[in-house]
Amino acid sequence: MADMLLELAGITKTYPGVVALDDVSLRVMRGEVLGLIGENGAGKSTLMKILGGVAEPTAGVIRIDGRDHRALTVAGATRAGIAFVHQELNLFENLDVASNVFIGRERLRGGPLMLLDNRAQHARVAPLLERLGADFAPDTPVELLSIAQRQMVEIAKALSVDARVIIMDEPTSSLTLSETERLLRVVADLKAAGVAIIFITHRLAEIMTCADRVVVLRDGRTVGELARGELSHGAMIRLMIGRDLKSLYLPPQSEPRPGGCDIAGLVTSAFPDRSIDLSVRHGEILGLAGLVGAGRTSFARTVFGIDRRLAGEVRLDGAPVRIASPRDAIRQGIYLVPEDRKRAGLVLDMPIRENITLADLLHHARLLLIDRGSETRVARAQAASLGIKAPGVETQAVTLSGGNQQKVVLAKWLSMQPRVVIFDEPTRGIDVGAKTEIYALMRGLADRGVAIAMISSDMEEVIGVSDRIAVMHEGRISGVLDRARFSEYNVLRLAIGQALEPAETAEDMT
Amino acid sequence: MRKFVAPLLAGVLAAGLLAGSAAVEAQQKKTLVLVTNAASDFWTFARRGIEKAQKEHPDYRMEMIVTGQATAAEQRRELDDLLARGVSGISLSVDDAAHATEELNKVAAKAVLFTTDSDAPQSNRVAYIGTDNVAAGRNAGNEIKKALPDGGRIMLFVGTLDADNARERVQGIREALAGTKVEIIDVRTDQVDFTKAKSNVEDTLAKYPDISLLSGLWSYNTPEIYDAVKAAGKCGKVKIVGFDEDPRTLRGISEGCVQSTIVQQPFEFGYLSMVNMIKYMNGDKSFLPADHKIIVPTRIIDKANVAEFTAYVKKLLGK
Amino acid sequence: MRKELGLLLLLVVVSAITAAINPLFLSGVNLLDMANLIGLFGVFSIGEGLTIITGGIDLSIGSMFALLGVVFVDLLTEYQMAWPLALLIIIAGGVLLGGLQAFLITRLRMQPFIVTLCGLLIYRGAARYYTTDSTRGFGYGDEADTLRSLAAGHLYGIPNTFLFLVILAVVMGVVLHRSVYGRYLFAVGKNEEAARFSGIRTGLVIAGAYVLSGGLAGVSTVLLVFYTNSVSPSSFGNFYELYAIAAAVLGGCSLRGGEGSIIGIVLGTALLQVLQNLVNILGIPSSLNFAVMGTVILLGVLADQQLQARRKLAAAQASTARAAAAPALARQGQQT
């Protein structure tokens, strides 16, 4: 037990309406690399936030050096020797490397004058950078560094506080192969020096290379632990996803109709050197899966006219349509239910009625004066047909639950004439009851002939709801699956950029 | 840093050209500048005086700079800029005499410094050309006595009491009214906001329905008083005595709504400033009186002489 | 409605106290004088309010008055232009300046603060240059009598400016609270992104506000010119945009955008004019003019905020009590 650096025991974390972590326990031993894996939303980030002092557990205990803590503060975590290298780098671009490393703990000189001792800071940082194999000096302004170099600055920051536990959250997501190798070597060095590393990543190959132990989270619970000898791709994936497939699938009432939305050679500004070809047919729900950052939202925004299209064309029923702004898309009947409903989907301070009519206001106006009666009628009708639970249509959108807010966004589009609807994470942050209602609405829409594309990071949802699944990887479509080949394993493989093995189908996964 | 090189080079080049041309010009002609204390038509007359002097002395360069905000800070900036330009003589209507001494002495050390219209007697200025504002105030006070032989209550209106000329005029009025039955209720200020000037008058009429006389101390105050009194239908019931020669003030006098106005001769301020600065620079000090104050007398314009004066003003302003 | 009621209450309280100290505050003459000034200042405050509702601001209107003012006087006196034409030119001038600013803000994506600040500096400088710092006024003759009686006259004793403000407020009230454009204005001010995602041409909506503000500034110029009868380019309208912004903000226009009402702006203007008037009516030294305004506004807003906070606390406590009685949380898997 002298080798155990810290322990998380029985950690539970709940947010209003949602249980993010349920009785999770974790032990971190000295000098070991602990891999932490799980799907998007399994609870890894929440767990690490608690460890880093950014969030407080609702229940459970954090044990460090034999002392129990109910919760940690950022300062407390740092004092305990826990350092965090975030996925979204927390660096100050306008300062240099040494200043960033020592931010909040600046070295001072000159007694009461309290001047910054830049020389001492540089002197302390230089050996750290050398150890990491960095090719830049401590006085380099961070804004000049590449993402890989910035990650090294973050790691140097962790080292400079003499961390005993370093949590690395997706550290290689922006690194090239050689940079990744260098990082893994650094990890090995740290391990030899007795530092423990918690390594969070989707790249199972890296885990295989460096982890001593792997803990798997699923739906906020630990579902398994694999020792080094037991590590294999298959074993890890099986633990990550193996749940009962609740049948969310509502089969379409009829065969997909011919025609639909064809996207040919679309080039987005996020991935200027990749192009996308995709077809969504009338009456079908096409799931769009992939890892965070694969380019699904850029794709949706580009089709809808928010982001600039660098090349390619969009065709509706064979006829090319010109979309340079959301207004154009809407006029063609192409609607987007955005990912961030609070920022882009709704005007929170407006009542339900005004949100529902916002995209089609001229329809409810006579001589440019709004006809409240017409608005209210349509809003009430939509609220009834979608089952929006609220005291009335004058209720402000901000007071509604997530599910009801999403329904208001849907109502906005359904009150018009949809031909293609793109849903971006339609059920994020929504409880089970509302989820199934929304799936039913989507199916109803599809049955009316609308072509639906659904972007989702929820495996169960993607597999359960779609008629077909297109998987994106780093800006392009890496593969399209039809129902026969639906399996979470296949989706994951395509999502991380690997090709499907030809013989693998759902039946192979027992 | 690289992105700064081109604009920096361009800036240096431009500055060099400007400085060069200014230096060349400055070497050619000596520059004399009149700096006002505020922006008003009053100084347009001074400008005409300067133009007359310019015609008589083409070998000098003469300018007038208007201090739009009527603040000491703005004047300090203007003076510093003028010194940097290397002007030879400055005639200044001082905005805040009590606190400008240091700045003015700095100017006096490098150029010939006169003051005009609003003085700063503690400074090292060569001479003050202007109205004796206390005397002008006394003239106004006498006009008020004439208008109110049985006494009464009056209100004074001005832009700000910061300026010496404002304070001196009030002093003169008080001196003239000492011992009479005329009571000065207060001095209302408007910070040179014409709308506020007028609304101050309206509010005064509302608060003191039986007020006897209103007096505007700066050139724009009297026409606003005239407008307000006329709009309230109280012409003749509430008397008006003012300063300076705004067209509406003169019209008011000819209509009988305004009793009289005390006019200065800003034309002479401009003309004499330039001409005497030239004399002084050439060593001729004969114009300088012992107390260094060249007083330009004021005139009282009332119904008797308003027509002739109006014609004179129109001619001078070219209207 | 809440903020407007708070403002109305403050206005009533201040007026009552002033009237108690000096009943002449409520005399016919004084009330009409104030009504006139409320009309004068209210017109352009409404324009300012529109730009604030879009989440922007217009710092240039005071300087617009100076520039348009000297040009207006010159057109009537120097050029003896017929008054309808002169009026049209000035209003068009305001629309043009507003449109120019709108272009810079919506097309070139410059910050409204910067664009209108430069407007503030440039327009006044242009006005001063145009007249070489001399004052322009209606001096020797009675120019534009018809327009003068329209702008500065009375209808049954009520100043035309006030009547004009009332009409304007009604029209703009309908536009802001009942028309499609008004709804778009609020949506864009509250959440420009969501508005764009709903297909609204956010650029046009914002530009419209600045153009309207410019046009109303043109109208205000005419009204103000006929009040003072002279325009000094360096001081005419100086800092008036601050009056407008204060009126709008007091009246409920959040500087973050998306909130506001015409009634609030009018009440805000009224409060500011009442405060100016009471300094004179109560014989408070002129030098304390702005200090009084600032103090009363500060105290009023503070009082309002405290009452608001107390009300919110009470509401939150009530809802927490309700939530505690709710059933246990459902088990969920989707959380980052």
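Predicted model only: the values in this text are computed from it and were never measured. (Residues numbered from 1 in each chain as written. Chains lettered and ligands numbered in written order. Predicted model: local features only at pLDDT ≥ 70, side-chain atom pairs only at ≥ 80, totals over all residues.)

## Let's talk about the overall build of chain A
Here is the rule we go by: Helix and strand definitions follow DSSP, with helices as H or I runs of at least four residues and strands as E runs of at least two, each counted in order from the N terminus. Two things to know: the radius of gyration comes from C-alpha atoms, and the globule rule equals 2.2 Å times the number of residues to the power 0.38. Exposure classification rests on a simple neighbour count of other C-beta atoms within 10 Å of a residue's own: a residue reaching 20 or more is buried, one at 12 or fewer is exposed, and one in between is partly exposed. C-beta atoms are placed from the backbone. We call two residues in contact when the distance between their C-beta atoms, placed using the backbone, is within 7 Å.
The helix and strand inventory of chain A stands at 17 helices and 24 strands. In terms of overall dimensions, chain A is globule-like: its C-alpha atoms have a radius of gyration of 26 Å, near the 24 Å expected for 510 residues. With respect to the three principal axes, the spread of C-alpha positions in chain A is 75 × 60 × 45 Å. Counting across all 510 residues of chain A, residues that qualify as buried make up 45%. Partitioning the contacts of chain A with sequence separation of at least 6, the portion at a separation of at least 24 is 68%.

## Examining the overall build of chain C
Looking only at helices and strands, one finds 13 helices and 4 strands in chain C. Considered along the principal axes of its C-alpha atoms, chain C spans approximately 85 × 55 × 35 Å. Scored against the burial criterion, the 336 residues of chain C give a buried share of 54%. Once local pairs closer than 6 in sequence are excluded, the contacts in chain C between residues at least 24 apart make up 78%.

## Examining the pairing of strand β13 (residues 260-268) of chain A
All names here are of chain A. Worth spelling out the cut-off: DSSP-based pairing: two strands are paired if at least 2 bridges between them are found.
With 5 bridges connecting them, β13 and strand β14 (residues 276-281) associate as antiparallel partners. Across the sheet, Leu-266 pairs through a bridge with Ile-276, a residue of β14. Note that β13 and strand β16 (residues 309-316) share 6 bridges and pair antiparallel. Residue pairing for β16: Cys-261 is matched across the bridge by Leu-316.

## Re the interface of chain C and chain B
How we decide: Think of it as three bins: nonpolar holds Ala, Val, Leu, Ile, Met, Phe, Trp, Tyr, Cys and Pro, charged holds Asp, Glu, Lys and Arg, and polar takes everything else, Gly as well.
Taken together, the contact pairs 29 residues of chain C with 30 residues of chain B. When residues of the side of chain C that touches chain B are traced back to their parent elements, those giving at least two are α2 (28-53), α10 (202-228) and α12 (262-281) of chain C. If you tally residues by element for the side of chain C that touches chain B, the top one is α2(C), at 4 residues. Grouping the constituent residues of the side of chain C that touches chain B by class yields 8 nonpolar, 18 polar and 3 charged.

## Quick notes on the nonpolar core
Here is the rule we go by: Under the definition applied here, buried Ala, Val, Leu, Ile, Met, Phe, Trp, Tyr and Cys residues are grouped into a nonpolar core through C-beta atoms within 7 Å.
A:Val421, A:Ile422, A:Ile452, A:Val491, B:Leu214 and C:Phe72 are the most contacted members of the largest nonpolar core, which totals 215 residues. Looking at this core, the element that brings in the most residues is α10(C), giving 16 residues. If we ignore the near neighbours within four places in the chain, the residues touching C:Phe72 are C:Ala86, C:Ile90, C:Thr221, C:Val222 and C:Val225. Core analysis: the second largest hydrophobic core is formed by 68 residues, A:Leu6, A:Leu128, A:Ile200 and A:Met240 among them.

## Remarks on the domain arrangement of chain A
Under the convention used in this document: A domain assignment, automatic or from a database, supplies the domain bounds used here.
By domain assignment, chain A separates into domain 1 (4-241), domain 2 (261-333 + 418-498) and domain 3 (342-416). Centre-to-centre separation of domain 1 of chain A and domain 2 of chain A, based on C-alpha positions: 34 Å.

## Quick look at the arrangement of the chains
Take the 2 pairs of chains in contact: the one carrying the most contacts is chains A and C. In this view chain A stays clear of chain B, with the nearest C-alpha atoms of the two still 13 Å from each other.

## As for the environment of A:Ala381
For A:Ala381, the position within the fold is in helix α13 (residues 372-386). Along the primary structure A:Ala381 and A:Gly66 are separated by 315 residues, whereas in three dimensions their C-alpha atoms are 61 Å apart.

## A word on the sheet that holds strand β8 (residues 213-216) of chain B
In a beta sheet, neighbouring strands are held together by backbone hydrogen bonds and run either parallel or antiparallel to one another. Residue and element names in this part refer to chain B. This is how the line gets drawn: Only the contacting stretch of a helix is used when fitting its axis, a line to C-alpha atoms as for every element, and angles between N-to-C directions run 0 to 180 degrees.
In spatial order, the strands read β7-β6-β8-β9-β10-β12; together these 6 strands make up an open sheet with mixed pairing. In this open sheet, the two edge strands, each paired with only one partner strand, are β7 (182-189) and β12 (299-302). Averaged over all neighbouring strand pairs, the angle between strand axes comes to 20°, with direction disregarded.

## A closer look at the pairing of strand β6 (residues 82-85) of chain A
All names here are of chain A. The two faces of β6 match: Ile-82 and Phe-84 on one face and Ala-83 and Val-85 on the other face are all buried. In terms of strand pairing, β6 meets strand β9 (residues 165-169) through 4 bridges, oriented parallel. Looking at β9, one finds that Val-85 is bridged to Met-168.

## A word on the environment of A:Val195
Residue and element names in this part refer to chain A. Relative to the elements of secondary structure, Val-195 occurs in the loop between α6 (177-192) and β10 (196-200). Sequence separation between Val-195 and Asp-482 is 287 residues, and the spatial gap between their C-alpha atoms is 46 Å. Not counting the four nearest positions on each side in its chain, Val-195 is found in contact with Gly-31, Ala-163, Arg-164, Ile-166 and Leu-190.

## Observations regarding the environment of A:Leu5
Residue and element names in this part refer to chain A. Mapped onto the elements of the fold, Leu-5 is located in strand β1 (residues 4-15). Residue class for Leu-5 comes out buried when judged on the 22 C-beta atoms lying within 10 Å of it. Between the C-alpha atom of Leu-5 and that of Gly-392, which follows or precedes it by 387 residues, the distance is 55 Å. Leaving out residues up to four positions away in the same chain, Leu-5 has contacts with Val-28, Met-29, Arg-30, Arg-164, Val-165 and Ala-196.

## Overview of unusual backbone geometry
Positive phi, close to 45°, is recorded for A:Glu474, a residue that is not glycine. A:Glu474 gets classed as partly exposed once you count the C-beta atoms within 10 Å, which come to 14.

## Overview of the sheet that holds β13(A)
Residue and element names in this part refer to chain A. Taken in spatial order, the 4 strands make up an open sheet running β14-β13-β16-β17, and their pairing is antiparallel. Looking at which strands have only one partner, the edges of the open sheet turn out to be β14 and β17 (319-321). Neighbouring strand axes in the sheet, compared pairwise and without regard to direction, differ in orientation by 20° on average. Relative to β13, helix α9 (residues 296-304) is tilted by about 110°, and along the sheet it contacts β13, β14 and β16.

## Thoughts on the confidence of the model for chain A
Rules: Across the chain, each position has a pLDDT score giving the predictor's confidence in that residue, from 0 to 100.
Here chain A averages 85 in pLDDT, and 93% of its residues register 70 or above. Predicted confidence for residues 504-510 of chain A stays below pLDDT 50, and this span has 8 contacts to residues more than four positions away or in other chains.

## So, the packing of helix α5 (residues 133-147) of chain B against helix α6 (residues 164-177) of chain B
Residues and elements named next belong to chain B. The criterion, for reference: Working rule for angles: under 35 degrees goes down as roughly parallel, over 145 as roughly antiparallel, 65 to 115 as roughly perpendicular, anything else as oblique. Take the far helix as the reference: if the near one is turned anticlockwise from it by less than a right angle, the crossing is left-handed, and if turned clockwise, right-handed.
Viewed as axis vectors pointing N to C, α5 and α6 meet at an angle of 45°, and their least axial separation amounts to 6 Å. The pairing of α5 with α6 is recorded here as oblique in orientation. Both α5 and α6 take part in a crossing whose hand is right-handed. Judged by residue contacts, Asn-133, Val-134, Ala-135, Ala-136, Gly-137, Arg-138, Ala-140, Gly-141, Asn-142, Ile-144 and Lys-145 of α5 engage Asn-165, Glu-168, Arg-169, Val-170, Gln-171, Gly-172, Ile-173, Glu-175, Ala-176 and Leu-177 from α6.

## Observations concerning the confidence of the model for chain C
Here chain C averages 90 in pLDDT, and 93% of its residues register 70 or above. In the predicted assembly, ipTM is 0.85 and pTM is 0.75.

## Comments concerning helix α14 (residues 402-414) of chain A
Residue and element names in this part refer to chain A. Note the cut-off: What a helix should span is 1.5 Å times the count of its residues minus one.
The first and last C-alpha atoms of α14 sit 18 Å apart over 13 residues, in line with the 18 Å expected at 1.5 Å per residue. Here α14 lies mainly inside the structure; 12 of its 13 residues are buried. For α14, the full list of buried residues reads Gly-403, Asn-404, Gln-405, Gln-406, Lys-407, Val-408, Val-409, Leu-410, Ala-411, Lys-412, Trp-413 and Leu-414.

## Here's the deal with the packing of helix α3 (residues 72-85) of chain B against helix α4 (residues 97-110) of chain B
Residues and elements named next belong to chain B. Direction vectors running N to C along α3 and α4 enclose 15°, while the axes themselves pass 11 Å from each other. Taken as axis vectors, α3 and α4 run roughly parallel relative to one another. As for how α3 packs across α4, the hand of that crossing is left-handed. Together, Ala-72, Arg-76, Leu-79 and Leu-83 of α3 and His-99, Ala-100, Glu-103, Val-107 and Lys-110 of α4 make up the contact between the two elements. Partitioned by chemical class, the residues of the contact of α3 with α4 number 5 nonpolar, 1 polar and 3 charged.

## What about helix α17 (residues 488-495) of chain A?
All names here are of chain A. Taken across its 8 residues, α17 has 8 buried, putting it largely inside the fold. For α17, the complete set of buried residues consists of Glu-488, Tyr-489, Asn-490, Val-491, Leu-492, Arg-493, Leu-494 and Ala-495. Gly-497 lies just past α17 and shows a positive phi near 95°.

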